[in-house]
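A closer look at the structure
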Amino acid sequence: MRLARFLLAFFKPLFWLLFPYKIVGKENVPPQGDPTPLMLCPNHISNLDPVFLLMAMKRHVYYMAKAELFKNKLAAWFVGKKFGAFPVRRGEGDTSAIDTAKEIVQSGKILGIFPEGTRSKDGKLGRAKSGAALIASQTGAYIVPTAIKAKDQKVRLFHRTTIIFGQPVPPAELHLDNPERPDLRYASRQIMDRIARLLEEEP
């Protein structure tokens, strides 16, 4: 991911000038080398959300991306090979994407997954799908609830966006510590509740 980190560092001043952002709670993300398996679970209000999170963190974040994006060879090379994103076929129970996600977490990297599964058109929180909870139950990952907050929940040029990292939540607290009988519904609701609480904060 050297090219990815170089490009992020190179374009960071310009990106911040166009889309200024504030980071809150970055101490809640364990540093590189920490053995805690980790997943970042943010709300999803714009196509720039993954970029905001990559800019906000020193550690690289690996994302699921819609499979349609990978039909373009250049996009597949850039987003996939250079930035570590991997395709998911939405609405199909894509087991290969789940397996890839588990490998990322188990290798000590950070997985970024939007629990809602798609971007919110009105900025309001939707219901979480079970994917994030399922991966956490099978990997023992701690979940970092993350809020992306903007005025009227619309990311605009020259208007500040705030990224708020919550405290990591252990699987047991989400009723996911028993991989044979994980409570995916409870965990999914809890993840969204914690994101909602972060959105209500006044950083």
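Read on for a plain summary of the structure. (Residues numbered from 1 in each chain as written. Predicted model: local features only at pLDDT ≥ 70, side-chain atom pairs only at ≥ 80, totals over all residues. Heavy atoms only, no water.)

With that settled, the discussion passes to the pattern of salt bridges. This model, assessed by the stated rule, comprises two salt bridges. Between D152 and R156 there is a salt bridge, with its nearest N and O atoms 4.0 Å apart. Note on R156: relative accessible area 31%, which makes it partly exposed. (Salt bridge = Lys/Arg side-chain N within 4 Å of Asp/Glu carboxyl O. Buried < 20%, exposed > 50% of the residue type's maximum accessible area, 1.4 Å probe, protein only.)

What follows covers the environment of D152. Structurally, D152 can be placed in the loop between β6 (142–150) and β7 (161–165). For D152, a relative accessible area of 55% corresponds to the exposed category. Considered as a pair, D152 and F165 are 13 residues apart in the sequence and their alpha carbons are 20 Å apart. (Helix = DSSP H or I, 4+ residues; strand = E, 2+ residues; numbered from the N terminus.)

Time to look at the packing of helix α1 (residues 2–18) against helix α2 (residues 49–56). Interhelical geometry of α1 versus α2 gives an angle of 100° and a closest axis separation of 10 Å. Between α1 and α2, the angle falls in the class roughly perpendicular. Contacts from R5, L8, F11, K12 and F15 of α1 reach α2 at V51, F52, L54 and M55. Looking at side-chain class alone, the contact of α1 with α2 contains seven nonpolar, no polar and two charged residues. (Axes fitted to C-alpha atoms, helices over the stretch in contact; angles between N-to-C directions. Parallel < 35°, antiparallel > 145°, perpendicular 65-115°, else oblique. Contact = heavy atoms within 4.5 Å. Nonpolar A, V, L, I, M, F, W, Y, C, P; charged D, E, K, R; others polar.)

Turning our eyes to something else, we now look at the environment of A128. Relative to the helices and strands, A128 is located in the loop between β5 (110–112) and α5 (131–139). Given a relative accessible area of 22%, A128 falls into the partly exposed group. Considered as a pair, A128 and R185 are 57 residues apart in the sequence and their alpha carbons are 8.8 Å apart. Beyond its immediate chain neighbours, meaning those up to four positions away, A128 contacts P115, E116, S188 and M192.

As far as function goes, none of this settles anything; it's purely spatial.
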